[in-house]
Amino acid sequence: TGAPISLENWSLSDSAPAPVSFVIPAGYSIPAGGRLLVWADDETVQNTGSGQLHVPFKLSSGGETLTLNAPDGTVVDIVTLGQQ
């Protein structure tokens, strides 16, 4: 969009055998016309609001699905990754 978007209370989840849903904390947004780098590295201790977000799961080499949900639970995007 032409305006920044706050991601506070949005969530990302994976589809691993034990799915993890991560609620994005305050301080993360996408600038107008920009993007946010998300690390699926299980290193949330690195979250400092610096423009990169670390989620509490890793991607499976066997493939899986990532889901982005709005704060009201609406599914906004789904990405399926094949075997890596």
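Residues numbered from 1 in each chain as written. Predicted model: local features only at pLDDT ≥ 70, side-chain atom pairs only at ≥ 80, totals over all residues. Heavy atoms only, no water.

(A) Quick look at the layout of surface pockets. If you add up the space inside the largest pocket, you get close to 270 Å³. Among the secondary structure elements, those contributing two or more residues to the lining of the largest pocket are strand S7 (64–69) and strand S8 (75–81). Here the residues of the lining of the largest pocket sort into 10 nonpolar, 1 polar and 2 charged. (1 Å grid on protein atoms, 1.4 Å probe; cavity = no way out; pocket = protein on both sides within 12 Å on 5 of 7 lines; lining within 4 Å. Points joined across faces, edges and corners; volume = space filled by probe spheres on them. Helix = DSSP H or I, 4+ residues; strand = E, 2+ residues; numbered from the N terminus. Nonpolar A, V, L, I, M, F, W, Y, C, P; charged D, E, K, R; others polar.)

(B) Quick look at the nonpolar core. Counting 11 residues, the largest nonpolar core is built from Leu-7, Trp-10, Leu-12, Phe-22, Ile-24, Tyr-28, Leu-36, Leu-53, Val-55, Phe-57 and Ala-70. Discounting residues that sit within four places of it in the chain, Trp-10 has contacts with Phe-22, Val-23, Ile-24, Leu-68, Asn-69, Ala-70, Pro-71 and Val-76. (Core = buried A, V, L, I, M, F, W, Y, C linked by side-chain atoms within 4.5 Å. Buried < 20%, exposed > 50% of the residue type's maximum accessible area, 1.4 Å probe, protein only. Contact = heavy atoms within 4.5 Å.)

(C) Molecular detail of the sheet that holds strand S2 (residues 11–13). With respect to topology, 4 strands assemble into an open sheet ordered S3-S2-S7-S8, the strand pairing being antiparallel. Every interior strand has two partners, whereas the edge strands, strand S3 (21–23) and S8, have only one. Averaged over neighbouring strand pairs, the angle between their axes works out to 15° when direction is ignored. Where S2 and S3 come together, 3 bridges link them in antiparallel fashion. Each bridged residue has a counterpart across the sheet, and for Leu-12 the counterpart in S3 is Phe-22. (Pairing = 2+ DSSP bridges. Axes fitted to C-alpha atoms, helices over the stretch in contact; angles between N-to-C directions.)

(D) Highlighting the side chain of His-54. Topologically, His-54 is positioned in strand S6 (residues 52–55). The buried category is assigned to His-54, whose relative accessible area is 6%. In terms of polar contacts, His-54 uses its side chain to reach the side chain of Asp-41, at 2.7 Å. If we skip the residues at most four places from it in the chain, His-54 touches Phe-22, Trp-39, Asp-41, Glu-43, Thr-44, Gln-46 and Asn-47. (Polar contact = N/O pair within 3.5 Å; in protein donor to acceptor, adjacent residues only side chain to side chain.)

(E) A look at unusual backbone geometry. In this structure, Asn-9 takes a positive phi of about 75° despite not being glycine. Position of Asn-9 among the secondary structure elements: in the loop between strand S1 (5–6) and S2. Here Asn-9 falls in the partly exposed class, since its relative accessible area comes to 44%. The phi dihedral of Asp-42 falls on the positive side, at around 55°, and the residue is not glycine. Relative to the helices and strands, Asp-42 resides in the loop between strand S5 (37–40) and S6.

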